[in-house]
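These are the residues of each chain, in order.
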Amino acid sequence: MNAELVAVGTELLLGEISNTDGQYISQKLANLGINVFYHTVVGDNPARLEQVLREAGKRSDLVITTGGLGPTYDDLTKEIICRVFDRELVLHEASLDRIKAFFAERDRPMTENNIKQAYLPRDCTVFENDWGTAPGCAFDAGGCIVAMLPGPPRECRPMTDHRLVPYLAAMADGVIYSDSVRICGMGESAVEALLRPMMENAVNPTVAPYCKLGEVELRVTARAKTEEEAKALTAPVVADIRKALGDVVYGVNVDSLEHAVVAALYDKRLTLAAAESCTGGLVSKRITDVSGSSAVFLGGAVTYANSVKERVLGVKAETLASFGAVSPETAEEMARGVCLLTGADIGVSLTGIAGPGGGTAEKPVGLVYLGLCCGGKTEVRELRLGGRSRERADIRGIAANTALKAVLDAVAKI
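Note that the coordinates shown come from a computational prediction; the quantities given were computed from them, not determined experimentally. (Residues numbered from 1 in each chain as written. Predicted model: local features only at pLDDT ≥ 70, side-chain atom pairs only at ≥ 80, totals over all residues. Heavy atoms only, no water.)

Colleague: Explain the pattern of salt bridges here, please?
Modeller: Any two side chains of opposite charge can pair, given that their charged atoms come close. This model, assessed by the stated rule, comprises 20 salt bridges. Across the pair Arg-219 and Glu-217 runs a salt bridge whose closest N-O atoms are separated by 3.3 Å. By relative accessible area, Arg-219 is classed as buried at 10%. For Lys-405, the salt bridge goes to Asp-409, with nearest N and O atoms at 2.9 Å. One end of the pair is Lys-405 and the other is Asp-409, both in helix 14 (residues 392-412) and four residues apart, which spans about a single turn. A residue is classified by how much of its surface remains accessible, and Lys-405, at 9% relative accessible area, is buried. Each of the salt bridges in this network shares a partner with another, and the network as a whole consists of Arg-98, Glu-128, Asp-130 and Arg-163. (Salt bridge = Lys/Arg side-chain N within 4 Å of Asp/Glu carboxyl O. Buried < 20%, exposed > 50% of the residue type's maximum accessible area, 1.4 Å probe, protein only. Helix = DSSP H or I, 4+ residues; strand = E, 2+ residues; numbered from the N terminus.)

Colleague: In this structure, what is going on with the sheet that holds strand 12 (residues 249-252)? I would like to understand it.
Modeller: The pairing of strands in a sheet happens through backbone hydrogen bonds and is either parallel or antiparallel. Taken in spatial order, the four strands of this open sheet run 10-11-9-12, and their pairing is antiparallel. This sheet does not close on itself; its edge strands, each paired only once, are strand 10 (206-212) and strand 12. For this sheet the average axis-to-axis angle between neighbouring strands, irrespective of direction, equals 25°. As judged from the three bridges shared by strand 9 (residues 175-183) and strand 12, these two strands associate in the antiparallel manner. Bridge assignment links Arg-182 to a residue of strand 12, and that residue is Gly-251. (Pairing = 2+ DSSP bridges. Axes fitted to C-alpha atoms, helices over the stretch in contact; angles between N-to-C directions.)

Colleague: Is there a simple way to explain the packing of helix 7 (residues 188-201) against helix 8 (residues 227-245) in this structure?
Modeller: A pair of packed helices is characterised by two quantities: the angle between their axes and the separation of those axes. Closest axis-to-axis distance for the helix 7/helix 8 pair is 11 Å, and the angle between their directions is 145°. With respect to the hand of their crossing, helix 7 and helix 8 are arranged in right-handed fashion. Taken together, the residues of helix 8 that come into contact with helix 7 (itself represented by Val-191, Leu-194, Leu-195 and Met-198) are Val-237, Asp-240, Ile-241, Ala-244 and Leu-245. Residue composition of the contact of helix 7 with helix 8, grouped by class: eight nonpolar, no polar and one charged. (Left-handed = near helix turned anticlockwise from the far one by under 90°. Contact = heavy atoms within 4.5 Å. Nonpolar A, V, L, I, M, F, W, Y, C, P; charged D, E, K, R; others polar.)

This is the structure:
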């Protein structure tokens, strides 16, 4: 099945919001083994929306729209879809009752225009919306499946997970199963060079790389009659990947690097603290994004100014004067200092030049020192993360990734 996503909303074209719905739905479709060939964004213009939908219906097996299901006059997705695919738009009483209940439960008046949201294509499969008022739906338009989802991400994402994915999975011939191999410490080109024969020859399962900031994901996907059979196909391929890549693989089917770190710390009953300068608390933020991190993360110190490095972390004034804030000596004292400050088993530190200004020939933009204090010993790594196209946010993000991976490696050795 080849899919096309059509995002409806002038605010997307104006750049007021990003099309995060498209990214999310594409990831979910990939897990189902459905190819996404086109992403289209179109404004709230009936003529242009009709043109886009007619073209999509000709070239795609599955067309998914997001947005344009609201109560206002410019929310016309359902109306235009019914015109393009020759469907009658009818009042769906059950949806109307749910909309009325939504407002009643919140003690808010329901305006007349909200009734518009309860009109749906005749004989469609209705996607009940437990996260908002506008229901979604899907129907078979003579060989092309058309699905409509609301635009707000807080509604679109759960609707995708709990309505669209089960609907599409029920239509599948067999089961699609994927394992996600997460990699940090090796670039996409190096991963591809090592695994090229495997990727080129893979049929079932397939192996596909996805590059992210500071890491790579390999998705191993198999199709079989049952999930157990599909898992049996992916397991040996995942094992071969782990053997070929070694320690740069930080997990399989884990949500993120920070999730892996929190889980590893918890398993060994260890605690962590962070001392950050150039990353501005990014490591601490990512760790505390993980539910349950309070059991393993004691705290973080954003010590941007040298005076704060001295007063809070105990970095020596002579160290800063002799070597500077961006130095292995300072990173070492920061990591050791945050352990002493918090009593953590492991302390990680980052100090560097994120740019775009502030770099010199001796200490260029992208120079970062990573300190790791563990078991009474402190190690420092020099990172060169700069480059003509490397932005400040990228340098900070990759530095945080590298620090999290260093913590994960340290925990594995304990």
